[in-house]
Amino acid sequence: MVGDAPERERFEARDESGELAGVLTYQVSGNIVVYTHTEVDPRFERQGVGSALARAAMDDARGRNRTVVPMCPFLGEWLDGHKEYDKIVARSTRRVK
């Protein structure tokens with residue numbers, strides 16, 4: 001289960017017991033959202049947690065008509081395979097690694 005925790009400026013993925021499995025952090029400025037970092041607990045790696053966080057964050061941005069700046073390397077790579085979000089991604093911005 002993935003949900004937005006705006007008070008912490010992050011999306012959180014939790015397992016069925018409510019344990020935190022991963023987070024995707026962000027900063028919002030006006031109509032722009034910068035996704036800064038994705039982190040998955042090692043116990044939950046390779047289970048689709050990062051992808052679930054990415055999809056939830058991108059769907060949220062699209063629903064709010066925001067422009068996305070993917071500073072997070074994981075999200076940038078994930079977006080390379082998910083062209084359905086291209087219209088809202090600021091691709092001319094250099095990625096920070």
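Residues numbered from 1 in each chain as written. Predicted model: local features only at pLDDT ≥ 70, side-chain atom pairs only at ≥ 80, totals over all residues. Heavy atoms only, no water.

Visitor: Before we go on, may I ask you to explain the packing of aromatic side chains in this structure?
Guide: Two aromatic rings are characterised by how far apart their centres lie and by the angle between their planes. Evaluation of the coordinates by the stated rule reveals three aromatic pairs. A ring pair is formed by Y26 and Y35, whose centres lie 6.3 Å apart and whose planes are at 80°; its orientation type is edge-to-face. Residue classification places Y35 among the buried residues on the basis of a relative accessible area of 1%. Three or more aromatic residues joined by ring pairs make a cluster, and in this case those are F11, Y26 and Y35. (Phe/Tyr/Trp six-rings, centres within 6.5 Å; stacked < 30°, edge-to-face > 60°. Buried < 20%, exposed > 50% of the residue type's maximum accessible area, 1.4 Å probe, protein only.)

Visitor: Explain the sheet that holds strand β4 (residues 32-40) to me, please; I cannot follow it from the model alone.
Guide: Where strands meet in a sheet, backbone hydrogen bonds hold them as pairs that are either parallel or antiparallel. Spatially, β1-β2-β3-β4-β5 is the arrangement adopted by the five strands of the open sheet, whose pairing is mixed. Edge strands, defined here as strands with exactly one partner in the open sheet, are β1 (2-5) and β5 (67-70). With direction set aside, neighbouring strand axes in the sheet form an average angle of 25°. (Pairing = 2+ DSSP bridges. Helix = DSSP H or I, 4+ residues; strand = E, 2+ residues; numbered from the N terminus. Axes fitted to C-alpha atoms, helices over the stretch in contact; angles between N-to-C directions.)

Visitor: Explain the pattern of salt bridges here, please?
Guide: Going through the model one piece at a time under the given rule, you end up with nine salt bridges. Of the charged contacts in the structure, one is a salt bridge between E12 and R14, with a shortest N-O distance of 3.1 Å. With relative accessibility at 27%, the residue R14 sits in the partly exposed group. The residue R43 makes a salt bridge to E19 at a minimum N-O spacing of 2.5 Å. Of the two residues, R43 sits in the loop between β4 and α1 (49-63) while E19 sits in the loop between β2 (10-14) and β3 (20-29), which places them 24 residues apart along the sequence. Each of the salt bridges in this network shares a partner with another, and the network as a whole consists of E7, R8, R10, E12 and R14. (Salt bridge = Lys/Arg side-chain N within 4 Å of Asp/Glu carboxyl O.)

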